[in-house]
Amino acid sequence: MTRRGALRLFGLGAAAAVSGCSLLGRTPLPLLLTSSAPPPKPYTVPLPLPAVAKPHRTDATTDYYELVQRAAEVEILPGLRTPVWGYDGSFPGPTIRARSGRRTVVRVSNGLTVPTVTHLHGGHTPPESDGYPTDLVQPGARRDYVFPLEQRAATLWYHDHRMDYTGPQVWRGLAGFFLVGDDEEAALPLPAGERDLPLLICDRSFDADGAMPYPARPDGPGAREAFMGGVLGDVILVNGAPWPRLGVDRARYRLRLLNASNARTYELALSPGGRLVRIGGDGGLLTAPVAVERVRLAPGERADVVVDFAAHRVGDHVELRNLLGEGAQSRVMRFTVERDARDDSAIPPALSRVERLDPAQAAVTRDFAFTSGDLHGHTGWLINGKPFDVRRVDARPKLGQVEIWRLTSDVAHPVHLHLDHFQVLSVGGERPAGPPEWKDTVELRETQTVEIITRFTGYRGRYVMHCHNLEHEDMAMMSTFEVV
């Protein structure tokens, strides 16, 4: 990887945009990779929509898919070819649209030169198909991932999860949407079809030849500390396109927002101001719609929102902006209202039922501290003072048991729990307002404590909890739990 001056340490503006980290009382800044390729003018590239995967076989109970991980060259910046690693050679990978309760088998063939692991993020999945970070698929090999999908409708995504290499392998393109539907959601008059838009948001940087290199881990205490802040790009991509544009009807659209960045946190809002009506999160539909001015997404988090472009005139431009970014990183994409159109959609006042888990039913309360510390003679990222070790199990919850997990941070870590969704009980000692919602990733901010409650269901076996700042995850901020 050529560095050629690509690595730049930026100031606090960049640090605020990353899921940050503290180190011996100091906050190391993230690496912002600056592009040497001239970026396109924002809002000139059309928004692409990932291809929808088609099952190669179906039977009475199961849909069977095949995905091949392979190297390819794609056009991201106009006029340049960018090498990527992609599912079916695309970035993002094909979107899988599945049905709750219908078994889905995805055969992943590794046509790359390195091992891979595929994780269905948000999936309620048996342990042998969950993508444990050492369940490697070697080059030339394949693996069948079996997803029973005994879970509610939700916007999920799949991505690489290889131990120590998740950051570079996701950066190179190994990620895609996995959308689960069910009868409850289908009965609602929400925007559908071409007005149901999956939007995978991430940041990358580009060399003059179009490559998007990922930095080698630098040597030396100071350089390593800077790398520990996470890796940022200076070009914002949506579905693999830089600052794209989309023509829309004067109608409601459902936007499935996914933060697939390695380390950047977004606070998304419309410009000029307008309402984002949040209808869903990580774990599916909310109980009722919530109108908000902005949506904050740490790495790995999702939000489903409805935007009503009928509030604008034909010819109006509506930008999706990132309030945590500066300059070009404050832009995400632009919608142009192009035509009047019929709209039969609506946002009903009630969306779903969400069971509120009762803290009085919790059999165990566990504490997990996410901090920096010594990692085999150098500084790394630890949970309860320990680096990830595949030989160690840090918790053994019982199947069917409700537990409270108390998560504390040094600065900021987006924490992702495999297997089961959870509910947030408190943030900094304060109970969240409103009805409960299901999540699988929660942002811990600086020196913050967040209590979550979950019930372990479905499967016995080993799973992980980890920071979804991918550089933190790769530098040992991960813990194994085993459901017994």
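Scroll up to find the structure.
This structure is a prediction, so every number in the text was calculated from the model and none was measured. (Residues numbered from 1 in each chain as written. Predicted model: local features only at pLDDT ≥ 70, side-chain atom pairs only at ≥ 80, totals over all residues. Heavy atoms only, no water.)

Visitor: When you look at the sheet that holds strand S14 (residues 235–238) in this model, what are you seeing that I'm missing?
Guide: Within a sheet, adjacent strands bond to each other through the backbone by hydrogen bonds, running parallel or antiparallel. What the seven strands build is an open sheet, ordered S15-S14-S12-S17-S22-S19-S20; its pairing is mixed. Each edge of the open sheet carries a strand with a single partner, namely strand S15 (241–242) and strand S20 (284–292). Note: strand S19 (residues 276–281) against S20, five bridges, orientation antiparallel. Counterpart to Val277 in the pairing with S20 is Ala291. (Pairing = 2+ DSSP bridges. Helix = DSSP H or I, 4+ residues; strand = E, 2+ residues; numbered from the N terminus.)

Visitor: Can you walk me through the pattern of salt bridges in this structure?
Guide: Opposite charge on two side chains makes pairing possible when the charged atoms of those side chains draw close. Under the criterion given, the structure shown has 35 salt bridges. Here Arg107 ties to Asp144 by a salt bridge, and the two come within 2.7 Å at their closest N and O atoms. In this pair, Arg107 sits in strand S7 (residues 103–110) while Asp144 sits in strand S9 (residues 142–147), placing the two residues 37 residues apart along the sequence. Arg302 is the partner of Asp440 in a salt bridge, and the nearest nitrogen-oxygen pair spans 2.7 Å. Pair noted here: Asp440 is in the loop between strand S29 (422–427) and strand S30 (441–444) and Arg302 is in strand S22 (residues 302–308), with a separation of 138 residues, a long-range link. Classification of Asp440 as buried rests on a relative accessible area of 1%. Take Arg302: its relative accessible area is 3%, and that puts it in the buried class. Through salt bridges with shared partners, one network takes in Arg97, Glu185, Asp196, Arg254, Arg256 and Asp304. (Salt bridge = Lys/Arg side-chain N within 4 Å of Asp/Glu carboxyl O. Buried < 20%, exposed > 50% of the residue type's maximum accessible area, 1.4 Å probe, protein only.)

Visitor: Help me out: how do you make sense of the nonpolar core in this one?
Guide: Within soluble globular proteins, side chains that are nonpolar generally end up buried alongside one another. In this structure, Leu255, Leu257, Phe370, Trp405 and Leu407 are the most contacted members of the largest nonpolar core, which totals 79 residues. Here the element with the most residues in this core is strand S12 (residues 196–204); it accounts for five residues. Excluding residues within four positions of it along the chain, Leu407 makes contact with Phe368, Phe370, Val415, Val442, Leu444, Gln448, Thr449, Val450, Ile452 and Met465. Counting 23 residues, the second-largest nonpolar core is a separate cluster that includes Ala53, Leu67, Tyr158 and Phe178. (Core = buried A, V, L, I, M, F, W, Y, C linked by side-chain atoms within 4.5 Å. Contact = heavy atoms within 4.5 Å.)

Visitor: Would you mind showing me how to read the packing of aromatic side chains here?
Guide: In this description, an aromatic ring pair is defined by two values, namely the gap between the centres and the angle between the planes. A complete count under the given rule lists 12 aromatic pairs for this structure. Ring geometry for Phe368 versus Trp405: centroids 4.8 Å apart, planes at 45°, classification tilted. Remark: Trp405 occurs in strand S27 (residues 402–409) and Phe368 occurs in strand S25 (residues 364–375); sequence separation between them is 37 residues. For the pair Phe368 and Trp405, one class covers both residues: buried. Where Trp405 meets Phe481, the ring centres are 5.5 Å apart and the plane angle is 85°; that geometry is what we call edge-to-face. Placement of the pair is Trp405 in strand S27 and Phe481 in strand S33 (residues 478–483), with a sequence separation of 76 residues. Judged by relative accessible area, which is 2%, Phe481 ranks as buried. One aromatic cluster is present, built from ring pairs that chain together Phe368, Trp405, Phe456, Tyr463 and Phe481. One cation-aromatic arrangement involves Arg204 over Trp171; the distance from NZ or CZ to the ring centre is 4.8 Å. (Phe/Tyr/Trp six-rings, centres within 6.5 Å; stacked < 30°, edge-to-face > 60°. Lys NZ or Arg CZ within 6 Å of the ring centre and 35° of its normal.)

Visitor: What's the story with the pairing of S7 in this structure? I'm lost.
Guide: The two faces of the sheet receive side chains in turn, since in a regular strand these alternate between them. Buried residues dominate S7, accounting for six of its eight residues. Alignment of strand S4 (residues 62–74) against S7, held across eight bridges, turns out to be parallel. Paired with Glu66 across the two strands is Arg107, which belongs to S7. One ladder, built from six bridges, connects S7 with S9; its direction is antiparallel. Looking at the pairing, Val105 lines up with Val146 of S9.

Visitor: Is there a simple way to think about the sheet that holds strand S28 (residues 413–417) in this case?
Guide: Strand order in this open sheet of four strands is S30-S28-S32-S33, and the pairing throughout is antiparallel. The open sheet terminates on both sides in strands that have one partner only, identified here as S30 and S33. Shown here is a sheet whose adjacent strand axes are inclined to one another by a mean of 20°, direction ignored. One ladder, built from four bridges, connects S28 with S30; its direction is antiparallel. Within S30, the position partnered with Pro414 by the bridge is Glu443. (Axes fitted to C-alpha atoms, helices over the stretch in contact; angles between N-to-C directions.)

Visitor: How do you make sense of the pairing of strand S17 (residues 252–259) when you look at a structure like this?
Guide: Burial of S17 is extensive: seven of the eight residues sit out of reach of the surface. Looking at chain direction, S12 and S17 are connected through six bridges and run parallel. Following the sheet pairing, Leu199 is matched in S17 by Leu257. Alignment of S17 against S22, held across seven bridges, turns out to be antiparallel. Note that in S22 the partner of Tyr253 across the bridge is Val307.

Visitor: Please clarify how the side chain of His121 should be interpreted in this entry.
Guide: Structurally, the position occupied by His121 is in strand S8 (residues 118–121). Here the side chain of His121 touches Asp440 through a polar contact of 3.0 Å, side chain to side chain. Aside from chain neighbours lying at most four places away, what touches His121 is Leu156, Trp157, His159, Gly300, Arg302, His416, Asp440, Thr441 and His468. (Polar contact = N/O pair within 3.5 Å; in protein donor to acceptor, adjacent residues only side chain to side chain.)

Visitor: Looking at this structure, how should I read the side chain of Glu185?
Guide: Positionally, Glu185 belongs in helix H3 (residues 183–186). When its relative accessible area of 11% is taken as the criterion, Glu185 is described as buried. A polar side-chain atom of Glu185 sits 2.8 Å from a polar atom in the side chain of Arg254. Dropping the residues within four chain positions of it, Glu185 is found in contact with Ala153, Val180, Arg254, Arg256 and Leu285.

Visitor: Looking at this structure, how should I read the environment of Asp440?
Guide: Linking Asp440 and Ser90, residues 350 residues apart in sequence, is a C-alpha distance of 26 Å. Beyond its immediate stretch of four places on either side in the chain, Asp440 contacts His121, Gly122, Asp282, Arg302, Val415, His416, Leu417, His421 and Phe422. In this structure the side chain of Asp440 is engaged in a polar contact, spanning 2.7 Å, whose partner is the side chain of Arg302. At 3.4 Å, the side chain of Asp440 and the side chain of His421 are in polar contact.

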